[in-house]
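Fold and geometry: a report
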Amino acid sequence: MADPVNGNARRAESVDIYAPQWRNFLFVAPYLFIFAAFLVFPLFWGIWLSFHKADTFSSGPFIGFGNYARLFRDGIFLQSIWNTFYFVFLTVPALALIGLFLALCLNRQTRSAAVLRTLFFSSSVLSVTIVTLIWRIVYIPDMGLLSMIYGFFGAKAPAFLSDPDIAMIGIAIATIWWCIGLPMMLFLSALQQIPQDIYEAAALDNANRWQTLRSITLPSIKRTFVLVVIIQIVFQFQLFGQAWLMTKGGPNNLTKPIVLYIYNTAFQRWDIGLGAAASEILFLLILVAAMAQFLLTRRKADA
Amino acid sequence: MTASIDIKNVTKRFGSLTVLDELSLSIPANEFVVFLGPSGCGKSTLLRMIAGLESVDSGEILINGERIDNQPPGQRGVAMVFQSYALYPHMTVGDNMAFGLKNISVERSVIDARIAEAARMLEIGHLLDRKPGQLSGGQRQRVAIGRAVVKEPKAFLFDEPLSNLDAALRTRTRIELAQLHQRLKSTMIFVTHDQIEAMTLADRIVVMNNRKIEQIGAPMEIYNRPATRFVAGFVGAPAMNFLPVKIRVEDGLVTAATDAGLCIKTAIPSEGLAAGDYELGLRSEHVRITPPTGDAAEGVVDVLERLGERTLVYVRLNDGQQIVGSDSGDSRVSVGDRVGLAFEGAKAHLFDATGKAWHGRESGHG
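Conventions we followed
- Residues numbered from 1 in each chain as written.
- Chains lettered and ligands numbered in written order.
- Predicted model: local features only at pLDDT ≥ 70, side-chain atom pairs only at ≥ 80, totals over all residues.
- Heavy atoms only, no water.
- Pairing = 2+ DSSP bridges.
- Helix = DSSP H or I, 4+ residues; strand = E, 2+ residues; numbered from the N terminus.
- Contact = heavy atoms within 4.5 Å.
- Axes fitted to C-alpha atoms, helices over the stretch in contact; angles between N-to-C directions.
- Domains from an automatic or database assignment.
- Buried area = accessible area lost by both parts, 1.4 Å probe.
- Salt bridge = Lys/Arg side-chain N within 4 Å of Asp/Glu carboxyl O.
- Buried < 20%, exposed > 50% of the residue type's maximum accessible area, 1.4 Å probe, protein only.
- Patch = residues over 30% accessible without salt bridge, like charges linked within 9 Å, V, L, I, M, F, W, Y side chains within 5 Å.
- Areas by Shrake-Rupley, 256 points an atom, 1.4 Å probe, with all protein chains shown as cover.
- Polar contact = N/O pair within 3.5 Å; in protein donor to acceptor, adjacent residues only side chain to side chain.

Attention now goes to the sheet that holds strand β2 (residues 17–27) of chain B. All names here are of chain B. Read from one edge of the open sheet, four strands run β2-β1-β4-β5, paired in antiparallel fashion. If you trace the sheet from one side to the other, it starts and ends with β2 and β5 (66–67), each paired once. Bridge count for strand β4 (residues 58–63) against β5 is two bridges, and the pairing is antiparallel. For Ile-63, the partnering residue across the bridge sits in β5 and is Glu-66. In the packing of helix α1 (residues 43–51) onto the sheet, contacts are made with β1 (5–14), β2 and β4, and the angle to β1 comes to roughly 115 degrees.

As structure tokens, this is what we get:
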């Protein structure tokens, strides 16, 4: 349509139903506000705090990397980093492999498989308090479930909560029991995405069960495997509740993870600046893991 | 390598639903057989039972006289091309073709030689290092066929392999499949609901409907002497015209008459025909368009389909019955015209109330 005022023979714009419209912004505004107020702002405030000497009542002078320098001279912090990595090493591969194994076993249309799927997932809905309560009852010396089982064979149960060598393993076992539902479900949904006709083609191609697993199933869920590993790395890096409730970080700080260190430093010793600096270190560690997920899952053509 | 396939009294049920009922069929070595039928007639199920992807509830399946319905799919020595191709998405084309041979520990040099030969034959040599996701539909189709060829199977099973291709590619692939059969001289079973694929590819067509085989025969035999009303209506496009008629006998041959007074002399012998209601079947090419006749064989043009070499004319008779006739490609008829119809009664078929067909002596010769 020509513009009669300017005399321009400009064509009227055709309707583009995908054109951006500002009023649509209203729909995201509530979330955007919360996102900015409770995530973006604290993130930058935390970074700011980590460069200052701060306690509960005041944020003191700017001290540059002073807090970070203190952290890396603090043997307990270094111990907590090591503890966290050790815990991630104990839990993540186990969660991925056991989750995959359960999914492979339970990926069938039978009633018993459905019941077992529900059962294995049900632990995921429990709160960490309940989980640690259950496992303390299992581990508790002399009268716990483990002691009873060992006692039945005339043996003494390992002291999962007090032996420095195995305390972290005790926490890891409880965590795996608690967290196994999600990896299993992710693997199950990946397995169900594999077209049935590929398996039929493999059967006609003389593939036995092992060859089918190795050449058809595992390559088809490769991306989900990476996803599960990275989600669990990000999640398990943030270990707190189980360690706090089961061992309080002991014995001798051997089960104290970074988050517990942050809690102790910032909210028990009220050294907020140091706690903020430790938080930034954890943030960086998790960021690296999250970036790895982003980069690996983006390579879709590879899958 | 090639083999005969015998299917003896095979029955298949899914729960309480019987999909194949006491079905028997013999396929000699080297034959190209097409299972033709509408959706849900059990043709794919039968193919999958031969492949070993479905169990057999009762009956036997034999390849070269050896019973195979109790063997796992891989050991039956058959290769299958799936409708969706079912290529392994994470393997290269070469690995896709090699997989079945590696699994039975064929020597690498033999595998390579067979892949090279199949790739040459199917012109997919330049694709061997690609993955299925990087191929077009037609290329995937060739790879799927190549994967079957390298196995040198006793029989090839095709499950509607052309239905995912566009029209032009489908025609081309059809011709290539016919050539492949001539070159390999292997037993091939091909499942389709497309009668053109069936007519052009098959040595013999097995028309299936509703749990059983309606007719087995060479394509032109199926076309010219359909055994039942179902086959007559299913094979051929446009579908055969059916007219409800009463019959009487003149000189030992049947003359059919409609209630509206239309009379058609046929070449069908009256022997064995009881009195009663029948349906007369005539294909569109045996109904010519003429100037208006002024009798019962006259009607109004409803729809015209110009196919180029001929024109299909849908004529509504005075009694409301629609008849498809054919006229020359440059027919001047237009919609709404009154036209006459000339029925080639010698080519007519008669179907009794049970659907059984009766043919004239001539109709077997085109």
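Residue and element names in this part refer to chain B. Taken domain by domain, chain B comprises domain 1 (5–229) and domain 2 (238–365). Using C-alpha coordinates to define each centre, domain 1 is positioned 38 Å away from domain 2. Here domain 1 and domain 2 share an interface that buries about 940 Å² over both sides, 46% of which is from carbon and sulfur atoms. Area buried by domain 1 at its contact with domain 2 is led by Tyr-223, Arg-225 and Arg-229, which between them contribute 64% of it. One can count one salt bridge joining domain 1 with domain 2. For Arg-229, the salt bridge goes to Glu-279, with nearest N and O atoms at 2.4 Å.

Residues and elements named next belong to chain B. Summed over all chains, the structure comprises 22 salt bridges over all chains. The residue Asp-112 makes a salt bridge to Arg-108 at a minimum N-O spacing of 2.9 Å. Taken together, the residues span about one helical turn, with Asp-112 and Arg-108 both in helix α3 (residues 108–122) at a distance of four residues. Taking the relative accessible area as the measure of exposure, Arg-108 reaches 42% and is therefore partly exposed. With a shortest N-O distance of 2.9 Å, Glu-176 and Arg-142 are connected by a salt bridge. Here Arg-142 lies in helix α4 (residues 137–149) and Glu-176 lies in helix α5 (residues 167–184), a separation of 34 residues in the sequence. Arg-142 sits in the buried class, given a relative accessible area of 13%.

Another aspect to go through is a nonpolar patch on the surface. Judged by side-chain polarity, Trp-22, Phe-25, Leu-26, Phe-27, Val-28, Tyr-31, Leu-32, Phe-35, Leu-39, Val-40 and Phe-44 of chain A come together as a nonpolar surface patch covering roughly 1,300 Å² of accessible area. Structurally, the position occupied by Val-28 of chain A is in helix α1 (residues 25–50).

Residue and element names in this part refer to chain B. Along the chain, the position of Asn-241 falls in strand β11 (residues 241–250). A distance of 2.8 Å separates a polar side-chain atom of Asn-241 from the backbone nitrogen of Val-324. Among residues more than four places away in sequence, those in contact with Asn-241 are Leu-280, Gly-281, Leu-282, Arg-283, Ser-284, Val-287, Gln-322, Ile-323 and Val-324.

Turning our attention to the pairing of strand β14 (residues 277–282) of chain B. Across a regular strand the side chains alternate sides, sitting on one face of the sheet and then on the other. All names here are of chain B. Sheet analysis places β11 next to β14, joined by six bridges and oriented antiparallel. Directly across from Pro-244, in β14, lies its bridge partner Glu-279. Taken together, the three bridges between β14 and strand β20 (residues 349–351) define a ladder with antiparallel strand orientation. Bridged to Glu-279 within β20 is Phe-351.

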